[in-house]
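Given next are the chains, with one letter for each unit.
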Amino acid sequence: MNYVLTEQVFTVGLTNYLRKYEYGNANHTNLWEALYDSEKQSGASINVPAVMDTWTLQMGFPVVTIDRTKHSKHEAEVTQKYFRIDPSQNISTKYVSPFNYKWEVPLTFTTSKHLDWDTRDIRWMHQGDIILQSSDLSGLSDSDWIIGNVKQYGYYRVNYDLNNWKNILRQLKDNHKMIHLQNRAQIIDDAFNLARAGEIDSTLALETTEYLTKEQDWLPWDAAIDNLNYIDAMLSKTQYYGYYQKYLLSQVTPLYKMVGWNDNASNPDAFEHYIRTTGLAAACSSGSKDCVSEASKLFKSWLDSKDPDKNNPINPNLRNVVYCNGIKEGSVTEWDFAFERFKKSNIAVEQVKLLYGLSCTKEPWLLSRYLEKTLMPTEIRKQDATTAIIYISRNKIGRPMAWNFLRSKWSFLKNEYGAGFFSFTRLIDAISYGFNTQFDLDELESFLAKNPNQGTATRAFQQAVEKTKANIRWMATNEEKIGQWFKAKAPCNGSASCTTTTTKLPTDVRLPSALDPVYYKLELRPDIYKPDPKNFTFDGKVDITLHVRNTTDNITMHINKLNLDTNSFVLMSNTGGDLPKITGHKLDSSRHFLIFDLDGQLQAGHNYTLSMNFSGNLTDGLTGLYYSKYTNSKNKTVYIATTQLEPTDARKTFPCFDEPGFKSVFEVTLLRKKPMVSLSNMPQVNSVNKGDGWIADTYQPTVKMSTYLLAFIVCDFTYTERNTSRNTIVRVWARPEAINQTQYALNAGVSINEHYEQYFGIDYPLPKQDMIAIPDFGAGAMENWGLITYRETALLYAPGVSSAGNKQRVAVVVAHELAHQWFGNLVSPAWWDDLWLNEGFASYVEYLGVDHIEKGMMMLDQFVEEDLEYTFKFDQLTNSHPLFVPANRPEEINEIFDRISYGKGASIIRMMNNFLTEETFKLGLKEYLTKLSYDVATHNDLWNHLNARAVKDSIVLPVPVKVIMDSWTLQMGFPVVTIDTTGSTPMATQKYFRINPDEPISTRFKSTYNYKWYIPLTYTTSKNPKFNGSEIMWMQLNDTKLSSVSLDADTWIIGNTGQYGYYRMNYDDNNWNKLSRQLQTDHTVIDVRNRAQLLDDLFNLARSGDIDITKALEFTKYLINETEYVPWSAATSNLGYVSSLLYRTEYYGDYEKYMLTRIEPLYLKLGFNDTESDPFLDHYKRVTTISMMCGFGDEGCLKNASDFYANWMKMPDINPISPNLKTIIYCNAIKNGGIEEWNFAFEQYKKSNVATEKAKLLYAMACSKEPWILNRYLELSIKPEEVRSQDAVTVMVRVASNRIGKPLAWDFVRDNWQYMRTKFGTGSFSFSNLVSGITSSFATEFELKQLQSFMSANPNQGSAKRAFQQAVEKIKTNIKWLKENGDKVGKWFRENI
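Along each chain, residue indices are assigned from 1 in the same order as the chain's sequence is written. Restriction of local features to residues with pLDDT of at least 70 applies here, the model being predicted, together with a cutoff of 80 or more for giving and counting side-chain atom pairs; totals for whole chains, interfaces and linings are based on all residues. Note that water and hydrogens are dropped before the side-chain values are worked out from all heavy atoms of the structure.

A few words on the overall build of the chain. Each helix and strand counted, the chain has 47 helices and 36 strands in total. In summary, the chain has a C-alpha radius of gyration of 37 Å against a globular reference of 34 Å for 1393 residues, a match within 12%. With the C-alpha coordinates aligned to their principal axes, the bounding extent of the chain is approximately 120 × 85 × 70 Å. Sorting the 1393 residues of the chain into buried and exposed places 58% on the buried side. Here a residue-residue contact requires only that any non-hydrogen atoms of the pair lie within 4.5 Å. Put simply, 72% of the contacts in the chain that link residues at least 6 apart link residues at least 24 apart. Method for areas: the Shrake-Rupley scheme with a 1.4 Å probe, in which residue coverage is limited to the protein chains shown. Per element, the accessible surface of the chain, about 55,100 Å² overall, is 48% carbon and sulfur. Each helix is a run of H or I in the DSSP string that is no shorter than four residues. Each strand is a run of E no shorter than two, and both are numbered from the N terminus. For the radius of gyration, the atoms used are the C-alpha atoms, and the globule rule reads 2.2 Å times the number of residues raised to 0.38. Categorising residues by exposure relies on relative accessible area from a 1.4 Å probe, with only protein chains included: less than 20% of the type maximum marks a residue as buried, more than 50% marks it as exposed, and the intermediate range marks it as partly exposed.

Structure, rendered in structure tokens:
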């Protein structure tokens, strides 16, 4: 209005208005009249009230479009329309426009031919459109431009035809100063907002920023940063964010270099200060290392000053940038320092700067603490609370935390501050600024529905919903487009990501079969003696003797992440004849191939030797040859070198033929320095001094074996030793400080080794068996032939410190790995598609081995819960896989090291043992192992030997073993057998059991059996209960009548006796009712394994919809009398699922009350008094009862736990807690304590020399109720100096199992996904466990969509791909279960309290 009327007329009118109404009241009409009178006196004729009413009596503003394409090139059509950022949204009916959203627009313009940035030539658009005539645009060519709204005096946006936009863009690039700086800012701001509204293409808006490398004025930069902040928020969770940051950094770097850090505070030019702070802030935020470093230095100079409250060396104009980046790159020290300065400062503007800086930290726990402080007036004034939360919400890490904080504290905030005092409007706008997904919208709308009284924030929430919807549409239209634009524009800076494109990885990754490596002479020198482990390396040389099967003109082998000495390549003939020369070599990195080209042929039947030298980096990556470390008794860090080569990482250690089918003999030499010792698969034969302190240890040549079974270790460990009855040397190695924890594993190893020799009928073939506990180890253990490597928790047992569970763990893992020495090492799989033969067999035989030495552990009973029923949970998903599964690439091979290969493999072998009989099974196995010793095999080889033995032993089978077992190994899943007793003759039917029948079956693996099986059905009845040795009735891919069964009105039948079969059972209602009565009358009539089976089958049949959930719940009533561990384990597992879905409902309290009535009798019987002499499973039962009682809030239980822990805190060196109860007591004390309890646990964790004790503490520290503590714990989990890399997943999964920690863990994993993949690698880091652990209790559409969005944004999931697919399926099942059963289950608990 000032511009239109002129300054003089406006000032006169304003003065008259003020004089006329001084000390009185007025309205806008009075102002318009005063200005109108002044205008008329000047001789002009602008009807001020008519003009201004169009701007004040309707909301919004117009966009004016100047289009030169609709008329002759010398004319332009100018139109106006209501500008809305999201035109798809309905216009609010609350305020009706009296002008139909048309305005009196004072259009100004200038052109490239007739530049006039001070024009007063106004063309009025009287609530309509106009034409600019040829006289207005004379001389304009197609390459000339017109710009409207000169100096942006008008309150409207301007759009143009595409050609005019391109001309403006060209002008900016050629000579941007030809356009006034206010209009440069306008062009950028209009373009971005027009793009958001869909009026122009988003890439056109981005092109307005390309000229910024030349821009040195503040206004355009301010407009650019403001609009790019929107792009930043939209892309921040996408794969394109890195490209965006690179582009922004490239644009701002010239400005950053120009403005520098030297700011003269006395300079009166405010814009100079503004452009400097803008340039610095943009450079630092987009990743300028120099900028961040300089800011951190400046902050540190303040931190280190003697009197920081009086001597702040940081220029006031630079403080926002310095404080923010100094705290962001710092730690709690920097944060606490800044907060202390905030508390002490007497200057309000300084306090605001510090409030902002404090919000920049990358530490979630600090942000969480900061949020809590905003509600403490003694810490932060009420007037500043909103500001602080807004600042936190601008931090990408803090935004979801601020949103969660607002929701969790909403009632408190409203009650405490009042709707009129606490500025919700700005807060809502800031928190919701980056909302751009359907999940965000669902959460927002859900919150509004639950909190309809939003007070002064009502409109802000409405606008947040509208903006979120607009953002969602914007993302759908623009994410890919602008992402690709930034990708194309971002400078490469040598980054591989700039030059590589996504390509389909090859699947033909098998080596050619022309060559057979028969002998390796290998020397390795791990250099772990440099001061900094970052500089650790290894080098070596290898001579490989090759037997030529088929004539070839190249040598193709494996290599990965190794450097080759090209001058060392030598090829020699061992059998005479022409010797071709090596003409060159090439690397096929996608297949890990090293290919040597030859100038002639290697002749079939001849032998050649290929020699080469190589080197590599020795890292802590847990695969290949890597380093581990520990702190010794002198508080010194000791580094060791060790290996993990299975399945495809021998190639990371030396060039080789790295497939299980290439079996060779290996002669190994390891170099070391004193006081280290070296270990390998075979006994050492000599040591030679090589100079410079290096000693070369040479080992006996190995037996014929696969590369993945090799092991090389250099360490300072000591050992305990025993010989077996056949004088095989068995040694257990450990850190010197832990050597007293090796005796149990040593004794177990000797006894189990002897038992296996007798069981297999084949002597252990090597002269020694070493077992060693590695401080950092990614797997549980590895069966390297003659040198088995273990996690410390899987090998070390400290009496009086370790628990019964730890003892069982050691026994089981030792038994598993020793079983591999025959099944896997002596006979190996021809390829990884038969991995299950290795792992399934060892997973079954481990139970036999442990049962031999520890009868009290009741391992054969535990099998049904530990392996069979646990495996069902995965195999009943439609995203399971067959046991025999195609696997080519390393990530596909790693993917099948899962519960199916281990647990299902063990379960069907156990089933086969049962129908073949133990003796036939053992004899067939012996023949198989004897025939194929030192060779490779497939599953068909095993079936053929077992079938031949069965024929010899007159075992009657309906079809050969292969036909039976193929139905279990070549299709995924398993059947449910239903016995229907309602007819005159019971009928058994089978069908494919799926936990969610609505989920389509994966098409990746097709069943050739139409999901039917050869089922060895066993059963018993109440007339003559017989749960072992039951007669087998075969279901041959079909249904069958139980003709021999006669049932009266009171007789029940149970199928799958002893639960030897790999299938579930279902019955008609009448039989289920009889079984329920039996359990409540005398449950001991039914075998303990079948009691567990009944509970597990019932709850899963209810989840699949095959029975009503209340029937499963009825069976839990008998638990009040149950005293055995295995049924309770099945019950707690399945009721834990119910608990995880009910805990967010009104019925959870009723569930807790009911469960207390079930568990209390056993709890009172067992109590807290745990002694070593108790029956073994009593320890497990006691832990179960205490865990449930404390978990359900029993005051006596919680007091006991807290008292035990408090007594320990008083005397840390004397732990009064029974080893068996430590985990549960630690957990509950930390859960119900605070930071002191947590810090004490962490201190004990750091101090402990016992791995099993450290594991208990790791578990318990995740029990805290404090989000900030859990966030801190998550951050610690990826700092190897705090938590070992091998334990990182365990921490994350444990935090996720904490109901408070679940969203924190989920956010943490998403935020750090790329880091974790890069740091840990798909082979060593158990992503599958991570995914399943974190998502196990997801049960809402919101959580499902979040997961699916994450999967879309991160398509390369490596070995976790199937786990992600299974997680999606499980969540869908959870959603369905909760929808169908939530109220029904809740009411059942309420009625049965």
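Anyway, onward from the coordinates.
A few words now on the sheet that holds strand 6 (residues 130-132). Ordered by their spatial adjacency, four strands build an open sheet running 6-2-1-8, and the pairing between neighbours is mixed. Looking at the sheet topology across the chains shown, the edges are occupied by strand 6 and strand 8 (157-160). Taken pair by pair, the neighbouring strands of this sheet meet at an average axis angle of 25 degrees, ignoring direction. At least two DSSP bridges between two strands are required for those strands to pair. As a rule, the C-alpha atoms of each element are fitted with a line to give its axis, helices using only the stretch in contact, and angles between N-to-C directions run from 0 to 180 degrees.

Before going further, it helps to examine the sheet that holds strand 31 (residues 987-992). With mixed pairing, four strands are arranged side by side in an open sheet as 34-31-30-36. Edge positions in the open sheet fall to strand 34 (1040-1041) and strand 36 (1064-1067), since each of these has one partner strand only. With four bridges joining them, strand 30 (residues 975-980) and strand 36 adopt parallel strand pairing. What sits directly across from Thr-978, in strand 36, is Asn-1066.

This part takes up helix 6 (residues 181-196). Expected span of a helix, by definition, is 1.5 Å for each gap between consecutive residues, and there is one gap fewer than residues. In a regular helix each residue adds 1.5 Å, so 16 residues correspond to 22 Å; helix 6 covers 23 Å between its end C-alpha atoms and thus fits that length. Among the 16 residues in helix 6, 13 count as buried, and that is most of the element. Remark: Gly-198 follows helix 6 within two positions and exhibits a positive phi of approximately 85 degrees.

With that settled, the discussion passes to the packing of aromatic side chains. Under the pairing criterion, centres of Phe, Tyr and Trp rings, with the six-membered ring standing for Trp, must be within 6.5 Å; the plane angle then separates stacked pairs below 30 degrees from edge-to-face pairs above 60, leaving the rest tilted. The full count for this structure, using the stated rule, is 97 aromatic pairs. Ring geometry for Tyr-719 against Trp-733: centres 4.6 Å apart, planes inclined by 45 degrees, an arrangement best described as tilted. Here Tyr-719 is found in strand 23 (residues 718-723), whereas its partner Trp-733 is found in strand 24 (residues 729-734), with 14 residues between them in sequence. Residue classification places Tyr-719 among the partly exposed positions, given a relative accessible area of 37%. On the numbers, 5.8 Å between centres and 85 degrees between planes, the contact of Tyr-1205 with Trp-1208 is edge-to-face. Remark: Trp-1208 and Tyr-1205 occur in helix 38 (residues 1195-1210); sequence separation between them is three residues, near one turn of the helix.

Put simply, helix 30 (residues 939-952) and helix 31 (residues 961-969) touch, their axes get as near as 9 Å, and they point 140 degrees apart. When the interaxial angle is binned, helix 30 and helix 31 end up oblique. The two elements helix 30 and helix 31 cross, and the hand of that crossing is right-handed. Every residue of helix 31 that contacts helix 30 at His-939, Asn-940, Trp-943, Leu-946 and Asn-947 is listed here: Val-961, Lys-962, Met-965, Asp-966 and Thr-969. Classification convention: Asp, Glu, Lys, Arg as charged; Ala, Val, Leu, Ile, Met, Phe, Trp, Tyr, Cys, Pro as nonpolar; all other residues, Gly among them, as polar. A per-class count over the contact of helix 30 with helix 31 returns four nonpolar, four polar and two charged. Should an angle fall under 35 degrees it is taken as roughly parallel, and over 145 as roughly antiparallel, whereas 65 to 115 is taken as roughly perpendicular and any remaining angle as oblique. A clockwise turn of the near helix away from the far one marks a right-handed crossing, whereas an anticlockwise turn of less than a right angle marks a left-handed crossing.

So, on to the pairing of strand 17 (residues 637-644). When you tally the buried positions in strand 17, you get seven out of eight residues, the bulk of the element. Bridging between strand 16 (residues 624-631) and strand 17 involves eight bridges; their strand directions are antiparallel. From the neighbouring strand, Thr-631 faces strand 17, where its bridge partner is Thr-637. Connecting the antiparallel pair strand 16 and strand 17 is a turn made up of five residues, with Asn-635 showing a positive phi of about 60 degrees.

The next subject is the pattern of salt bridges. Opposite charge on two side chains permits them to pair, given that their charged atoms come into close proximity. Within this document, salt bridges are pairs made up of a side-chain nitrogen of Lys or Arg and a carboxyl oxygen of Asp or Glu, the two lying within 4 Å of each other. Counted according to the given criterion, the structure contains 71 salt bridges. Put simply, Lys-481 and Asp-201 hold a salt bridge, and the shortest N to O gap is 2.9 Å. Of the two residues, Lys-481 sits in helix 21 (residues 458-489) while Asp-201 sits in the loop between helix 6 and helix 7 (202-207), which places them 280 residues apart along the sequence. Here Lys-855 makes a salt bridge to Asp-851, at a shortest N to O gap of 3.0 Å. Using a relative accessible area of 54% as the deciding quantity, one classes Lys-855 as exposed. With a relative accessible area of 13%, Asp-851 lands in the buried category.

Among soluble globular proteins, nonpolar side chains are generally buried collectively. Take the buried residues of types Ala, Val, Leu, Ile, Met, Phe, Trp, Tyr and Cys, join any two whose side-chain atoms come within 4.5 Å, and each joined set is a nonpolar core. Among the nonpolar cores identified, the biggest contains 296 residues, and Ile-555, Phe-654, Phe-657, Phe-921 and Trp-968 are the most heavily contacted of them. Ranked by size, the runner-up nonpolar core spans 145 residues in total, among them Tyr-101, Leu-169, Tyr-244 and Phe-447.

The next point concerns the confidence of the model for the chain. On average, the chain scores 91 in pLDDT, and the residues at 70 or more come to 97%. This model gives residues 493-503 a pLDDT under 50, and the stretch forms six contacts once residues within four places in sequence are excluded. Looking at any residue, its pLDDT shows the predictor's confidence there, from 0 to 100.

For the peptide bond that leads from Glu-646 to Pro-647, omega is 0 degrees, which places it in the cis range. By secondary structure assignment, the location of Pro-647 is in the loop between strand 17 and strand 18 (665-673). Cis geometry is adopted by the peptide bond preceding Pro-675, which originates at Lys-674 and carries an omega value of 5 degrees. Position of Pro-675 among the secondary structure elements: in the loop between strand 18 and strand 19 (677-679). In this structure, Asp-692 is a non-glycine residue whose phi angle is positive, near 55 degrees. The exposed category is assigned to Asp-692, whose relative accessible area is 73%. Unusually for a residue other than glycine, Met-858 sits at a positive phi of about 55 degrees. Within the secondary structure, Met-858 is located in the loop between helix 25 (835-853) and helix 26 (859-875).

A few words on the side chain of Asp-144. Considering the arrangement of structural elements, one finds Asp-144 in the loop between strand 6 and strand 7 (146-148). In summary, the charge assignment counts Lys and Arg as positive and Asp and Glu as negative, without counting His or the chain termini. Look at Asp-144: it is buried, it has no salt bridge, and the nearest opposite charge is Lys-113 at 4.2 Å. Two N or O atoms form a polar contact when they lie within 3.5 Å of each other; inside protein one atom must be a possible hydrogen donor and the other a possible acceptor, and for residues adjacent in sequence the pair counts only when both atoms belong to side chains. A polar contact of 2.8 Å, which involves the side chain of Asp-144, links it to the backbone nitrogen of Ser-141. Here Asp-144 is in contact with Arg-68, Ser-112, Lys-113, Gly-139, Asn-164 and Asn-167, once residues within four sequence places are set aside.

Another aspect to go through is the side chain of Ser-678. Within the secondary structure, Ser-678 sits in strand 19. Judged by its relative accessible area of 5%, Ser-678 is buried. At a separation of 2.6 Å, a polar atom in the side chain of Ser-678 contacts the side chain of Asp-697. There is a polar contact of 2.5 Å between the side chain of Ser-678 and the side chain of Tyr-699.

When two cysteine sulfur atoms are found within 2.5 Å, that pair is recorded as a disulfide. One pass over the full model with this rule turns up four disulfides. Note that Cys-324 is cross-linked by a disulfide to Cys-360, the S-S spacing being 2.0 Å. Measuring handedness by torsion sign, the sulfur bridge of Cys-324 and Cys-360 sits at about -105 degrees and is left-handed. Of this pair, Cys-324 sits in helix 12 (residues 319-328) while Cys-360 sits in the loop between helix 14 (348-358) and helix 15 (364-373), placing them 36 residues apart in sequence. By sequence-ordered numbering of the bonded cysteines, the chain has its disulfides arranged as 1-2, 3-4, 5-6, 7-8.

Another aspect to go through is the packing of helix 39 (residues 1222-1231) against helix 41 (residues 1251-1261). Direction vectors running N to C along helix 39 and helix 41 enclose 35 degrees, while the axes themselves pass 8 Å from each other. Handedness of the crossing formed by helix 39 with helix 41: right-handed. Contact with helix 39, carried on its side by Lys-1222, Thr-1223, Tyr-1226, Cys-1227 and Ile-1230, involves Glu-1253, Lys-1256, Leu-1257, Tyr-1259, Ala-1260 and Met-1261 of helix 41 and no other residues of that element. Residues belonging to the contact of helix 39 with helix 41 are distributed by class as follows: seven nonpolar, one polar and three charged.

Both strand 30 and strand 31 contribute to a ladder of six bridges, which runs antiparallel. Within strand 31, the residue paired with Thr-978 across the bridge is Thr-989. What sits between the antiparallel neighbours strand 30 and strand 31 is a turn of six residues.

We now examine a nonpolar patch on the surface. Taken together, the side chains of Met-59, Ile-91 and Tyr-95 present a nonpolar region at the surface, about 240 Å² in accessible area. Relative to the helices and strands, Tyr-95 is located in the loop between strand 2 (76-82) and strand 3 (104-107). Residue classification places Tyr-95 among the partly exposed positions, given a relative accessible area of 41%. Excluding any residue in a salt bridge, patches collect residues exceeding 30% relative accessible area, merging like charges within 9 Å and nonpolar Val, Leu, Ile, Met, Phe, Trp and Tyr side chains within 5 Å.

Let us now look at the environment of Asn-535. Mapped onto the elements, Asn-535 comes out in the loop between strand 9 (515-527) and strand 10 (537-548). For the pair Asn-535 and Val-1183, spaced 648 residues apart in sequence, the C-alpha separation works out to 46 Å.

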